[in-house]
Amino acid sequence: MSSSKVPDHKHCKVCGKVIPPDREYCSSRCEAIDLKQRREAELYRKWILFLAVVLMIFTLASMLVSLMRP
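Quantities reported herein were computed from a predicted structural model and do not represent experimental measurements. (Residues numbered from 1 in each chain as written. Predicted model: local features only at pLDDT ≥ 70, side-chain atom pairs only at ≥ 80, totals over all residues. Heavy atoms only, no water.)

Draft legend 1. Expanded view of the overall build of the protein. If you tally the helices and strands in the protein, you get 1 helix and 2 strands. A compact globule built from 70 residues would reach a C-alpha radius of gyration of about 11 Å, whereas the protein, at 25 Å, exceeds it by more than 25%. Along the three orthogonal principal directions, the C-alpha set of the protein runs to about 85 × 35 × 15 Å. The 70 residues of the protein split such that 7% are buried. Taking the intrachain contacts of the protein between residues at least 6 apart in sequence as the baseline, contacts between residues at least 24 apart amount to 0%. Entry remark: accessible area of the protein is about 6600 Å², with carbon and sulfur atoms responsible for 65%. A distance of 6 Å separates the average location of the 12 positive side-chain charges in the protein from that of its 7 negative side-chain charges. (Helix = DSSP H or I, 4+ residues; strand = E, 2+ residues; numbered from the N terminus. Rg over C-alpha atoms; globule rule 2.2 N^0.38 Å. Buried < 20%, exposed > 50% of the residue type's maximum accessible area, 1.4 Å probe, protein only. Contact = heavy atoms within 4.5 Å. Areas by Shrake-Rupley, 256 points an atom, 1.4 Å probe, with all protein chains shown as cover. Lys, Arg positive; Asp, Glu negative; His and termini not counted. Charge placed at Lys NZ, Arg CZ, Asp CG, Glu CD.)

What follows is the structure, given as structure tokens:
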């Protein structure tokens, strides 16, 4: 059985290609794709948080109105 050492490497975060260990992406295209995906994910999280707050406000308002009724 021969032992072969795999040279130090990483994989591109987007496409998975083998890249040198000092890089994160294989190309500027993959870097742009990842940046766009991270921006979209952040926007999605902000919308979810906004909708959750609005839902809580409506729920609390509804509870207060029902408590005020005789």
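Draft legend 2. The arrangement of the packing of aromatic side chains in detail. Overall, the coordinates contain 1 aromatic pair when judged by the stated rule. Geometrically, the ring pair formed by Trp 47 and Phe 50 is edge-to-face, given 5.7 Å between the ring centres and 85° between the ring planes. You can see Trp 47 and its partner Phe 50 sitting in helix α1 (residues 28-68), 3 residues apart, about one turn around the helix. (Phe/Tyr/Trp six-rings, centres within 6.5 Å; stacked < 30°, edge-to-face > 60°.)

Draft legend 3. A look at the pattern of salt bridges. Within the structure shown, the criterion is met by 5 salt bridges. For Glu 24, the salt bridge identified is with Lys 10, shortest N-O distance 2.7 Å. In this pair, Glu 24 sits in the loop between β2 (18-19) and α1 while Lys 10 sits in strand β1 (residues 10-11), placing the two residues 14 residues apart along the sequence. Across the pair Lys 36 and Glu 40 runs a salt bridge, and its minimum N-O distance is 3.9 Å. Of this pair, Lys 36 and Glu 40 both sit in helix α1, 4 residues apart, which is roughly one turn of the helix. Residue class for Glu 40 comes out partly exposed when judged on its relative accessible area of 44%. (Salt bridge = Lys/Arg side-chain N within 4 Å of Asp/Glu carboxyl O.)

Treat this as a map of the structure, not an account of what it does.
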